[in-house]
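Here is how the chains run, residue by residue.
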Amino acid sequence: MDISTQNTAAPPVTDQPSDAQQKRAARGATRPGDRIFLGLSRGSGIFLLVIMAAIAVFLTYRAAIAIGKDEANFFTTFEWNPTGTPPEFGIAVLAFGTVVSSIIAMAIAVPVSVGIALFITHYAPRRIGGVIAYVVDLLAAVPSIVYGLWGVLFLVPQLDGLYGWLDDYLGWTGVFSWQGGAPRSLFTVGILLAIMILPIITNVSREVFRQVPQMHEEAALALGATRWEVIRMAVLPFGRSGIISASMLGLGRALGETMAVAMVLSPLFDIQASLLDYGGGTFAQNIASKFNEATEMGRDALIASGLVLFVITLLVNGAARMIIARRKEYSGANA
Amino acid sequence: MSNATLPDTQGKRPSSLRGATLPKWFPWAVAAGSIVLGLGISAAAGLESDIQWGLIAAVLFVLGSYGIAAKVEGRRQAKDRVATSLVWVAFILAVLPLASLIWETVKRGVKVLDGYFLTHSMGIVGDTEPGGGIYHAILGTLEQVGLATLIAVPIGVLTAIYLVEYGRGRLAKAVTFFVDVMTGIPSIVAGLFVLSLWIITLGMGYSGFAGSMALTILMLPVVVRSTEEMLKLVPNELREASLALGVPKWRTILKVVLPTSIGGITTGVMLAVARIAGETAPVLLLVWVTPLINANPFSDPQASLPVYIYLQYANSGGEGAAYDRAWAAALVLILFIMILNMAARGLARWKAPKTGR
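What you see is a predicted model; the values in this text were computed from it and never measured.

### Points about the overall build of chain A
Of regular secondary structure, chain A possesses 11 helices and 2 strands. Across chain A, the fraction of contacts at a sequence separation of at least 24, relative to all contacts at a separation of at least 6, is 72%. In the form shown here, chain A has an accessible surface area of approximately 14500 Å², with 61% of it arising from carbon and sulfur atoms.

Listed below in structure tokens is the structure:
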């Protein structure tokens, strides 16, 4: 297993060699070719770390410049006017829009994806399941710009009726009231994001459901459980952490999604109680749509909002990775 | 089952050991019934959207199967039926938009997609006029993606080699962790980073190469992870045999380990290329836009397919000609990515290491 110990005189007997042994093992390369090759590959690894550090440093640096000039509170201001005198901008609206649209997306995508994953692994005939899994894999590769084009030219016109309906029956809640603008609000964005992250959540949960020990399922069946009871008692408990991490990966995608949101959303720098009315934007969408006419100050302000997005996605992805790492054997996420 | 034990009672009286069961066609009947009812209700209420009757039918389907099954088969079986119908509904709910996405793109894309479209640029064609093509965009995308691949593949493969063949210590752990972190970077953030470093701080102009750098950042973690997986699949006996013959480690890696896993590595690279070829946001920020052919990726703005789609939509002023071009370009992009994907998966199956799962 441990190749590099081949070069040491006595291979270590323990599974985890001590630090000194590791160093000796790595340094076992004495030929010039070996040293160059080790240097190259280690250098690549270090280069990767340098890139990450550079990303953090440069974004923070430009963001600090922008926030330093910001006359309003960066986190609570409902305005985006970095070129005004005085420059005032804040991320409150963007944070609201990003969180809300992601929540809608997750609320739709997670149950549906788990359903498809179950369909592929437990309900569909084996061969059909394989074909569907393959197609879902392919769909994960459809670029977001195409989803955006489809969303704005096909999905949006379809949603008029649904919006009116929600307004008629659920308008009293305030959350689903609708003033009658084109259906290009956060709710539509949530639906589109849900469609976009379906494939990835499905793929990961499918892998997890595949790994459920056959014994557990057969035991449940032998006790007379129906198929649903097998799933509830054997499959879902086993796959819970996998589903959670799959959802987090999907959430990471939804948070950072740019072009599709920029095309579909009709942004308004304000917060509305109703999801169906214009109001809110997302971090990524705001960057893409404001970038065109941004001055240097404007660009720095956008970079500052990008930094916030970066930190949020880091936290979400980190949480997902931690859950995966804790139960490593279920991980299907090696993409 | 009852056939084997009680052949003569089949069909005459229900076995006392089994509860009443609904016939096999029951779910299909309920599905058909609820679709008809859904259509009826929406026609009666004058609902105009397809989504509405679909949702009504879905709800009717789930409730209907529960109600009837609960009456005939009992609560537990009914719950099972509900779960089954919910899974089916979820499947259909998801397949419909995805199928519609592909269908719409193909249907609207083939309208203007021809040889002329593929070999001409938008140089003299106004945004709202018909005509023009995507030659400049294809050229730009190929160059940007090619450059990114040229940078990302050596670095990514070497990093993976380091992690699998050498890495034991803290550095390897850090690299593994940050590769994971990098996987989750939103593309727009990668774009902003290159913007702040290359364009704002170093004062360089917009160029295809700037876009390539952002694409490299997006591609690197994918290449590292997939190569890592493939190298781990190479049997240790091969390495040991080579080392035992006195072959230096670096030659062992170059001549034994890499050739064994080259199929899988290629697959990973192709999937990574497919992933970055559709990236729009960083290209929009860094390469800027142009309707002209620019074959030099190192200076001046270039076009690219995803950005072309976006521009045709955004600058169209609602004109049909521009939308047609956008759909056609989307179709070309999807075809490119799908072919890469399928080729990659085919290659993976064909060249899979023998010890694979």
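### So, the interface of chain B and chain A
Counting residues at the interface gives 96 residues for chain B and 86 residues for chain A. Counting the surface lost from both chain B and chain A, the interface buries some 8600 Å², and carbon and sulfur atoms represent 76% of this. Counting every contact that joins chain B to chain A gives 2 salt bridges. The salt bridge involving B:Arg345 is made with A:Asp137; its shortest N-O contact spans 3.5 Å. Our count for the chain B to chain A interface comes out at 11 residue pairs in polar contact (both at pLDDT 80 or more). The leading source of residues in the side of chain B that touches chain A is helix H4 (residues 75-109) of chain B, at 20 residues. By residue class, the composition of the side of chain B that touches chain A is 63 nonpolar, 18 polar and 15 charged.

### Some details on the side chain of B:His136
For B:His136, the location among the structural elements is in helix H6 (residues 135-166). The residues contacting B:His136, other than those within four sequence positions of it, are B:His120, B:Ser121, B:Met122, B:Thr290, B:Pro291, B:Leu292, B:Ile293, B:Ala303 and B:Tyr308.

### Considering the packing of helix H8 (residues 227-256) of chain A against helix H11 (residues 296-326) of chain A
Residues and elements named next belong to chain A. Between H8 and H11, whose axes approach to 8 Å, the crossing angle comes to 165°. When the interaxial angle is binned, H8 and H11 end up roughly antiparallel. The crossing of H8 and H11 is left-handed. Here Ser241, Ile244, Ser245, Met248, Leu249, Leu251, Gly252, Leu255 and Gly256 of H8 come into contact with H11, specifically with Leu309, Ile312, Thr313, Val316, Asn317, Ala319, Ala320, Arg321, Ile323 and Ile324. Classifying every residue of the contact of H8 with H11 by side-chain character gives 12 nonpolar, 6 polar and 1 charged.

### Overview of the UniProt feature "domain: ABC transmembrane type-1" (unreviewed entry) in chain A
Following the UniProt record, one finds the feature "domain: ABC transmembrane type-1" (unreviewed entry) at residues 95-320 of chain A. Summarising residues 95-320 of chain A: 77% helix, 0% strand, and an end-to-end C-alpha distance of 21 Å.

### A few points about the UniProt feature "transmembrane region" (unreviewed entry) in chain A
The sites that UniProt annotates as "transmembrane region" (unreviewed entry) are residues 45-69, 89-119, 131-156, 186-205 and 301-320 of chain A. Span residues 89-119 of chain A is 90% helix and 3% strand, its end C-alpha atoms 47 Å apart.

### Side note on the packing of aromatic side chains
Enumeration over the complete set of coordinates arrives at 19 aromatic pairs over all chains. Ring geometry for A:Phe58 versus B:Phe193: centroids 6.3 Å apart, planes at 65°, classification edge-to-face. In this pair, A:Phe58 is assigned in helix H2 (residues 32-69) and B:Phe193 in helix H8 (residues 187-201), connecting two distinct chains. Look at B:Phe193 and you get buried, because its relative accessible area is 6%. Plain terms: the ring middles of A:Phe291 and B:Trp288 are 6.0 Å apart, the flat faces sit at 65° to each other, and that makes the pair edge-to-face. With one member in each of two chains, A:Phe291 in helix H10 (residues 283-291) and B:Trp288 in the loop between helix H12 (281-286) and helix H13 (305-314) form a pair that bridges those chains. Look at A:Phe291 and you get buried, because its relative accessible area is 4%.

Conventions we followed
Residues numbered from 1 in each chain as written. Chains lettered and ligands numbered in written order. Predicted model: local features only at pLDDT ≥ 70, side-chain atom pairs only at ≥ 80, totals over all residues. Heavy atoms only, no water. Helix = DSSP H or I, 4+ residues; strand = E, 2+ residues; numbered from the N terminus. Contact = heavy atoms within 4.5 Å. Areas by Shrake-Rupley, 256 points an atom, 1.4 Å probe, with all protein chains shown as cover. Buried area = accessible area lost by both parts, 1.4 Å probe. Salt bridge = Lys/Arg side-chain N within 4 Å of Asp/Glu carboxyl O. Polar contact = N/O pair within 3.5 Å; in protein donor to acceptor, adjacent residues only side chain to side chain. Nonpolar A, V, L, I, M, F, W, Y, C, P; charged D, E, K, R; others polar. Axes fitted to C-alpha atoms, helices over the stretch in contact; angles between N-to-C directions. Parallel < 35°, antiparallel > 145°, perpendicular 65-115°, else oblique. Left-handed = near helix turned anticlockwise from the far one by under 90°. UniProt positions renumbered as here; feature names shortened; annotations may be inferred. Phe/Tyr/Trp six-rings, centres within 6.5 Å; stacked < 30°, edge-to-face > 60°. Buried < 20%, exposed > 50% of the residue type's maximum accessible area, 1.4 Å probe, protein only.

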